[in-house]
Each structure stands twice: as C-alpha cells, then as structure tokens.
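Coordinate inspection notes
Okay, here's what each chain looks like letter by letter:
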Amino acid sequence: MTGRDDQIDVLIAGGGFAGLTLAIVLRQGLGPTFSVTVADPTLGAGHADDERASAIVAAARRLFEALGVWQSVAEEAQPILDMVVTDSRLGDAVRPAFLTFPGEVEPGEPFAHMVENRFLIAALEKKAREIGVGLRATAVENFSRLSFPQAHAHRLDVAFAAGNAVSPRLLIAADGARSLIRERAGIAVHGWDYSQSAIVTNVSHERDHDGRAEEHFLPAGPFAILPLKGRRSSIVWTEATPEAKRVVALDDAAFHEELEARFKLQLGEITAVGARRVHPLGFFVARAFIAERIALVGDAAHVIHPIAGQGLNMGLKDVAALTEVIVDAARLGLDPGTANVLERYQRWRRFDTMTMGIATDALNRLFSNRSAVLRAARDLGLGMVDRVPGLKRLFIREAAGLVGEVPKLLRGKSL
Ligand SMILES: Cc1cc2nc3c(=O)[nH]c(=O)nc-3n(C[C@H](O)[C@H](O)[C@H](O)COP(=O)(O)OP(=O)(O)OC[C@H]3O[C@@H](n4cnc5c(N)ncnc54)[C@H](O)[C@@H]3O)c2cc1C
C-alpha cells in the first residue's frame, strides 16, 4: 500500500464508548511516547440528535472518574436511587413489587447513573483530544499484513475511507456489533436473534421520578423506565419484532395510548419526547476475540440482551483487561501486538463474556413468556431475593459490576 503517512503503536477503529475509553486509558497509562489513534467517521459530529441514554454502573463510573471524564458529565447524570421490579400482565391494574433495591453499593455511592450517550461521548472525545490521542474522522476500510521487506516492522497496513493509510502494531476493532474488522479478519460469531426488538424513546412526566428505576416484566419482554435528569425518563420497551415495528410506526395519539398502557399514570400525564428507535435484539459472541495483530472489544466482540443494562459495562471490562495486558507488555519493552500478549487478553475476557451472556439470555427466557408455571417459579425466586438481605446485596454488587475478577481500572485503581 502506498500513501502511508505514519507508523503508530495502536489504531482503534471505532470511537464509541469502548474505543474512546481504551484510547484514553492507554495514553494515560503509557504516556506520549506510545502513539494511539482513533478512527471513526462520526468523530466531531456532536450526536446532537441522539437522545439514547445508558445506565452507567458503579464500576464504570469509578473508571470514568479515574480518567477525569465523569467530572464533565456529572451534572447531566441522574443517580438511580432505588429500583422496583414487577412481574405483571399488560391489563393488570396493580403491579405488586416483587423486588425492590435501595440504589447504593456503598453508602453514598449509587449502583448506577443514567446518562445520555451524547454527553458521555462528547466528554470522552474531549478528554482524548486534550491528552493527545490522534483522532481521524474517517472509517477503517481495509487492512493487510505489511509485506516483505517492510515486515521487519511487525505491523499491519490499514487503509481509511478518506484515502490515506497508517501502519499500527496493533489494530483494535471497537467498531460495534456489525464490525467490519471482525468480518474481514474472518472471525465468525455464534449466537442467535431473539425475534425481539427494543423500542427506545424518552418521555417527560408531570411528577418527579425521585430517581426510581422500574423494570416491568411483561409477557412480551421487559418494559424499563429509567430516570433522566429533570422530569424525564428513558424507556426501553421490548416487544416481538413485528409488534415493535408496528408500534413505532403508529401516529402520535395511538403511540401514546400504547405507551400509557404500560407506563401507567403514577407520574401523572406523560408526553413522548424525541425520536422513537427500534433496536433488534440478539446474543452474539465472536468465536475469537483476537486475530493476528488484532483484538476485538465491546460490541464488536459480544452483544447481549439489554435486560440487565450490562452491554457497555462488559465492553469496559474488555477495555480494562486489554489495557492491563498492553501496558504490562509495553513497560517491559515488548511488542503489544504479539500473540502472547493478545492471548492473555482473550483468556481473561471470553469466559466472563460467556457467563454474562448466558445469564442475561436465561433471564430473558425466564421472563419473556406467558407460561403460568414459569411465572410462579420466577415470582418465588424474586420474592426470595427480596427477603434475603445478603443475597440482595450480592445482586446489587453484581449488577454494579463489582463482583468477580474485576480489572484494576474498574476498581478505580491506576495501572
Ligand atoms: C436498546 C438498548 C439499550 C441499551 N442500554 C444499555 C444500558 O443501559 N447500559 C449499558 O451498559 N449498555 C446498554 N446497551 C448496550 C450498549 O449501548 C452497547 O454495549 C455499547 O454502546 C457498545 O459500545 P461500543 O463502543 O462497543 O460500540 P458502538 O457504540 O456501537 O460504537 C461503535 C463505533 O464504531 C464506529 N464504526 C463502525 N464501523 C467503523 C469502521 N469501519 N471504522 C471506524 N469506525 C467505525 C461507529 O461509527 C460507532 O461510533 C444497550 C443497548 C441497546 C440496544
């Protein structure tokens, strides 16, 4: 390939949560002599029309705080102060709470915050720019191994859609669920579609939500009401895919009627605000998280059901684990793109990913159905969790990403 304008240590394809966070932690961990570039056609675009929001669990918030990013979004972040789970049918007039969680993992530390994605992406992009991460507003289009005699450099040759090219020692695929790099590297995914889609929209309401999150397990799937700053909430509403498509295409009055039947009127009158989006849901895990001089992170490596709001957190665990192995190698003067380094990352992350993926899959199957027997069983289970304080505390810490082999960065420690 010709026209290459520089050699860099790491090129990250994808400037979503996973890609930008990885760039920042690598740069902060290894300093300016280690060059990191992020390429994404949406960089600098501002995402002003994207109203989606995410639950940022405590482990992720600790990481963003340690990076100096959280401080920029703290004002926009709504702590989840308590959480109610119900198991009900659409027509039920009353929804008894089977499970309630006080929202703290430690005194004064909420187990999660709701933040609109565009604020967090803007804060990450700003931090990346400040600390000298190279940012290129273009897509990665192709890559190949450098051919002899350049091969002595142990690099890939990566071409951008904008026409130029770079040669990194390591290429990170952080390019989301439909990862082009994963596909070009010949890595298959295994998993399945749920034939379910999530309708995502925001609503405003007359009364304060008081920081309460609600998850109603309806027969078609979970209907989650997640508090945003002000008298607003983010809705993640799961339906069978054809029904989801029908619902988002309704006119405003009919959509409002469907929404109100699920939201109910405990917060007063509601108004749907902003766009309605549909996300098809599936469970997919890449057969390998690495290839020659390539590593996959975030949704490029795995996509899970949003039932437990853990997708982004899993991506951040990849980031933290990959950073730890790259930093260890680079500090010893080793090439971070070699098979030994990448295999350590894969061993660390694939097992945890499968465990979380299977757990969220089981949760979805248990709740998204109309079986009376399963309903009785799950209500018994939820009732038990609700009454056993130790178990409940474990559940909260697990949901907050603080259980298991948590990488140093997600414990708020530096490398
Ligand atoms: C309905 C729904 C609700 C969710 N709610 C939550 C939640 O509450 N909490 C949570 O933790 N998770 C949640 N998730 C999951 C979470 O949104 C994802 O796991 C997370 O956004 C993945 O981040 P990522 O950086 O890996 O990928 P993405 O956010 O998909 O970013 C990929 C980036 O790569 C770029 N790109 C694509 N192709 C190329 C290319 N060839 N070259 C360069 N760049 C490229 C794209 O422009 C994009 O910016 C939810 C998911 C859904 C569907």
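Residues numbered from 1 in each chain as written. Predicted model: local features only at pLDDT ≥ 70, side-chain atom pairs only at ≥ 80, totals over all residues. Heavy atoms only, no water.

**Notes on the overall build of the chain**
Assigned secondary structure in the chain consists of 11 helices and 21 strands. Per-residue burial for the chain yields a buried fraction of 53% across its 415 residues. Partitioning the contacts of the chain with sequence separation of at least 6, the portion at a separation of at least 24 is 75%. On the chain, roughly 17,700 Å² of surface is accessible, and the fraction owed to carbon and sulfur atoms is 55%. (Helix = DSSP H or I, 4+ residues; strand = E, 2+ residues; numbered from the N terminus. Buried < 20%, exposed > 50% of the residue type's maximum accessible area, 1.4 Å probe, protein only. Contact = heavy atoms within 4.5 Å. Areas by Shrake-Rupley, 256 points an atom, 1.4 Å probe, with all protein chains shown as cover.)

**Comments concerning the pattern of salt bridges**
Counted under the stated rule, the structure contains 20 salt bridges. A salt bridge links Arg145 to Glu292; the shortest N-O distance between them is 3.3 Å. Residue Arg145 is found in strand 11 (residues 140-145), and its partner Glu292 is found in the loop between strand 19 (290-291) and strand 20 (294-296); the two are separated by 147 residues along the sequence. Between Arg293 and Asp335 there is a salt bridge, with the nearest N and O atoms lying 2.7 Å from each other. Of this pair, Arg293 sits in the loop between strand 19 and strand 20 while Asp335 sits in the loop between helix 8 (311-331) and helix 9 (339-367), and the two are 42 residues apart along the sequence. Several salt bridges share partner residues, and in doing so they unite Glu239, Glu243, Arg246, Glu258 and Arg262 into one network. (Salt bridge = Lys/Arg side-chain N within 4 Å of Asp/Glu carboxyl O.)

**Thoughts on the site of the ligand**
Around the ligand lies a shell of 26 residues, among which Asp40, Ala55, Val140, Asp299 and Leu312 are the nearest. In the model, a nitrogen atom of the ligand is placed 3.5 Å from a nitrogen or oxygen of the Gly14 main chain. Within the side chain of Asp40, an N or O atom sits 2.6 Å from an oxygen atom of the ligand. Protein coverage of the free-state accessible area of the ligand, which is 1,000 Å², stands at 78%. Elements represented by at least two residues in the shell around the ligand include exactly helix 1 (17-30), strand 3 (53-57), strand 14 (189-205) and helix 8. For the shell around the ligand, the leading source of residues is helix 8, giving 3 residues. Here the residues of the shell around the ligand are counted per class, giving 12 nonpolar, 11 polar and 3 charged. (Near = heavy atom within 4 Å. Polar contact = N/O pair within 3.5 Å; in protein donor to acceptor, adjacent residues only side chain to side chain. Nonpolar A, V, L, I, M, F, W, Y, C, P; charged D, E, K, R; others polar.)

**Description of the environment of Ala320**
Among the structural elements, Ala320 can be located in helix 8. As a C-alpha pair, Ala320 and Leu63 span 257 residues in sequence and 9.0 Å in three-dimensional space. Discounting chain neighbours no more than four positions away, the residues touching Ala320 are Pro407, Leu409 and Leu410.

**Description of the environment of Glu65**
Checked against the element boundaries, Glu65 lands in helix 2 (residues 58-66). Exposure remark for Glu65: the relative accessible area of 36% places this residue in the partly exposed category. Setting aside residues up to four positions removed in sequence, Glu65 forms contacts with Trp70 and Gln71.

**So, the packing of helix 1 against helix 4 (residues 117-130)**
At a minimum axis distance of 9 Å, the contact between helix 1 and helix 4 shows a crossing angle of 30°. One finds that helix 1 runs roughly parallel with respect to helix 4. Helix 1 and helix 4 meet at a crossing whose hand is left-handed. For the pair helix 1 and helix 4, contact is made by Phe17, Leu20, Thr21, Ile24 and Gln28 and by Asn117, Leu120, Ile121, Leu124, Glu125, Lys127 and Ala128, respectively. (Axes fitted to C-alpha atoms, helices over the stretch in contact; angles between N-to-C directions. Parallel < 35°, antiparallel > 145°, perpendicular 65-115°, else oblique. Left-handed = near helix turned anticlockwise from the far one by under 90°.)

**Let's talk about the side chain of His209**
The topology assignment puts His209 in the loop between strand 14 and strand 15 (212-218). Reaching out from His209, the side chain makes a polar contact with the backbone nitrogen of Gly211 at a distance of 3.0 Å. For His209, the side chain forms a polar contact with the main-chain oxygen of Arg232, separated by 3.4 Å.

**Structural notes on the side chain of His305**
Along the chain, the position of His305 falls in the loop between strand 21 (302-303) and helix 8. For His305, a relative accessible area of 1% gives the class buried. Reaching out from His305, the side chain makes a polar contact with the side chain of Gln196 at a distance of 3.1 Å.

**A closer look at the pairing of strand 9 (residues 112-116)**
Most of strand 9 is tucked away, with 5 of its 5 residues classed as buried. Every second residue of strand 9 is oriented toward a common face, with Ala112, Met114 and Glu116 on one face and His113 and Val115 on the other, all of them buried. Strand direction decides the pairing type here: strand 3 and strand 9, joined by 5 bridges, are antiparallel. When the sheet's bridge partners are listed, Ile56 is paired in strand 9 with His113. Inspection of the sheet shows strand 4 (residues 78-79) paired to strand 9 by 2 bridges, in the antiparallel sense. From the neighbouring strand, Pro79 faces strand 9, where its bridge partner is His113. (Pairing = 2+ DSSP bridges.)

**Digging into empty space enclosed by the protein**
Under the definition given, this model contains 1 cavity of 30 Å³ or more. The space that makes up the largest cavity amounts to roughly 40 Å³. Forming the boundary of the largest cavity are Glu51, Arg52, Val200, Thr201, Asn202, Ala275 and Arg277. Breaking the lining of the largest cavity down by element, the ones donating at least two residues are strand 14 and strand 18 (270-286). The element contributing the most residues to the lining of the largest cavity is strand 14, with 3 residues. Its residues assigned to classes, the lining of the largest cavity comprises 2 nonpolar, 2 polar and 3 charged. (1 Å grid on protein atoms, 1.4 Å probe; cavity = no way out; pocket = protein on both sides within 12 Å on 5 of 7 lines; lining within 4 Å. Points joined across faces, edges and corners; volume = space filled by probe spheres on them.)

**Examining the packing of aromatic side chains**
Counted according to the given criterion, the structure contains 4 aromatic pairs. Between Trp237 and Phe255, the aromatic rings sit 5.7 Å apart at their centres with planes inclined by 35°, giving tilted as the arrangement. Of the two residues, Trp237 is situated in strand 17 (residues 232-240) and Phe255 in helix 7 (residues 252-263); the sequence distance between them amounts to 18 residues. The same class applies to Trp237 and to Phe255, which are both buried. Relative to Tyr345, the ring of Phe289 lies with its centre 6.5 Å away and its plane at 40°, an arrangement referred to as tilted. Pair noted here: Phe289 is in the loop between strand 18 and strand 19 and Tyr345 is in helix 9, with a separation of 56 residues, a long-range link. (Phe/Tyr/Trp six-rings, centres within 6.5 Å; stacked < 30°, edge-to-face > 60°.)

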